[in-house]
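The primary structure of each chain is shown beneath.
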Amino acid sequence: MAMAIGAMPWGQWSGCHATPISADWGNFAPRELTDRSNRLSYPYGVMINRRGRRFVDEGEDGAMFTYAKYGRAILAEPGAKAYQIFDSQVVHLLEPRYATSEPITADTLEDLVAQLDIDDKPQAIRTLQEYNAAAKHAADGFDPTRKDGLATSGLAIEKTNWAAKLENPPYYAYSATGGITFTFGGLRVDENTQVIGTDWRPIGGLFACGEMVGGLFYDNYPAGTGLVSGATFGRIAGRAAAKHSSAGRAMTGAAA
């Protein structure tokens, strides 16, 4: 609506906040689950796509610093789908939200892969075997409370933290896709959150805040910053709009 009256689009319209969520449901997660469809414990396991390959460094950082861009990465994979694979030595670390779906389980990685919706199952098995050959034993320094530097060596995409071998059965797999919360694209605003038009002039009486503001995020999003943005720019927008409204009433009164 704002763009229809000349507002300037701004920011990364091709990017988005996309949380990894379960792919067990349809196009939308059940509304009654609110945010309990999230699947954010991937740093403690391995993620593979339908081609049977890893596609991100699951251990780059804590999930709160990577989940938005990794959800987007899953969307770019075939079928917008991935599987998060864990073994029994880390399954107790999974967020309670994983309990909203049933995992696929098996006593061997081969039997686990056989049950997954993967197009290249032999490649998936090779990927997991190569990962295990390059990973470390958990006893070598695995520490879920911090970036532990327990890294693989020799893989095309290294796992740089929490790279413990998948070696303790049973094994668990959870599906994941990307749940889009908002795009990184929005409208251009000035320091008072007044919307700027395509002629680079402010549009009188039009203010924007929260996810409507473009230019704040590119490619990634640290957890909670959208809430901080909404609170910060919301207060500015509210004050600016109130001032604008008061000025308008004063002018109307003077004219009368």
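The rules behind these values
Residues numbered from 1 in each chain as written. Predicted model: local features only at pLDDT ≥ 70, side-chain atom pairs only at ≥ 80, totals over all residues. Heavy atoms only, no water. Helix = DSSP H or I, 4+ residues; strand = E, 2+ residues; numbered from the N terminus. Contact = heavy atoms within 4.5 Å. Areas by Shrake-Rupley, 256 points an atom, 1.4 Å probe, with all protein chains shown as cover. Lys, Arg positive; Asp, Glu negative; His and termini not counted. Charge placed at Lys NZ, Arg CZ, Asp CG, Glu CD. Phe/Tyr/Trp six-rings, centres within 6.5 Å; stacked < 30°, edge-to-face > 60°. Buried < 20%, exposed > 50% of the residue type's maximum accessible area, 1.4 Å probe, protein only. Salt bridge = Lys/Arg side-chain N within 4 Å of Asp/Glu carboxyl O.

Draft legend 1. Broad picture of the overall build of the protein. For the protein, the helix and strand inventory stands at four helices and seven strands. Each helix and strand of the protein, placed in order from N terminus to C terminus, yields the pattern β-β-α-β-β-α-α-β-β-β-α. Taking the principal axes of its C-alpha atoms as reference, the protein extends roughly 85 × 35 × 35 Å. Contacts spanning at least 24 positions in sequence make up 71% of the contacts within the protein whose residues lie at least 6 apart. Here the protein has roughly 12800 Å² of accessible surface; of this, 55% comes from carbon and sulfur atoms. Averaged over its 24 positive side-chain charges, the protein has a centre that lies 8 Å from the centre of its 28 negative ones.

Draft legend 2. Summary view of the packing of aromatic side chains. In this structure the tally under the stated criterion is 13 aromatic pairs. Between the aromatic rings of Tyr 67 and Tyr 221, the centroid separation amounts to 6.3 Å while the plane-to-plane angle is 85°, which identifies the pairing as edge-to-face. On the criterion of sequence distance, the pair formed by Tyr 67 in helix α1 (residues 63-75) and Tyr 221 in the loop between β7 (202-207) and α4 (225-255) is long-range, its members being 154 residues apart. Each member of the pair, Tyr 67 together with Tyr 221, is buried.

Draft legend 3. Quick look at unusual backbone geometry. In this structure, the amide linkage connecting Pro 169 to the following residue, Pro 170, adopts the cis form with an omega of 0°. Summarising the element assignment, Pro 170 is placed in the loop between α3 (121-134) and β5 (171-187). Although it is not a glycine, Trp 200 adopts a positive phi angle of roughly 70°. Turning to its location among the elements, Trp 200 is positioned in the loop between β6 (194-196) and β7. Backbone geometry places Asp 219, a non-glycine residue, at a positive phi of 70°. Within the secondary structure layout, Asp 219 lies in the loop between β7 and α4. For Asp 219, a relative accessible area of 52% gives the class exposed.

Draft legend 4. How the structure looks around the pattern of salt bridges. Following the criterion strictly, the structure yields nine salt bridges and no others. In this structure, Arg 97 engages Glu 95 in a salt bridge whose closest nitrogen and oxygen atoms are separated by 2.8 Å. With a closest N to O distance of 3.0 Å, Asp 143 and Arg 146 form a salt bridge. Within this structure, Asp 35, Glu 95 and Arg 97 form a network of salt bridges that share partners.

These figures come from the coordinates and say nothing about function on their own.
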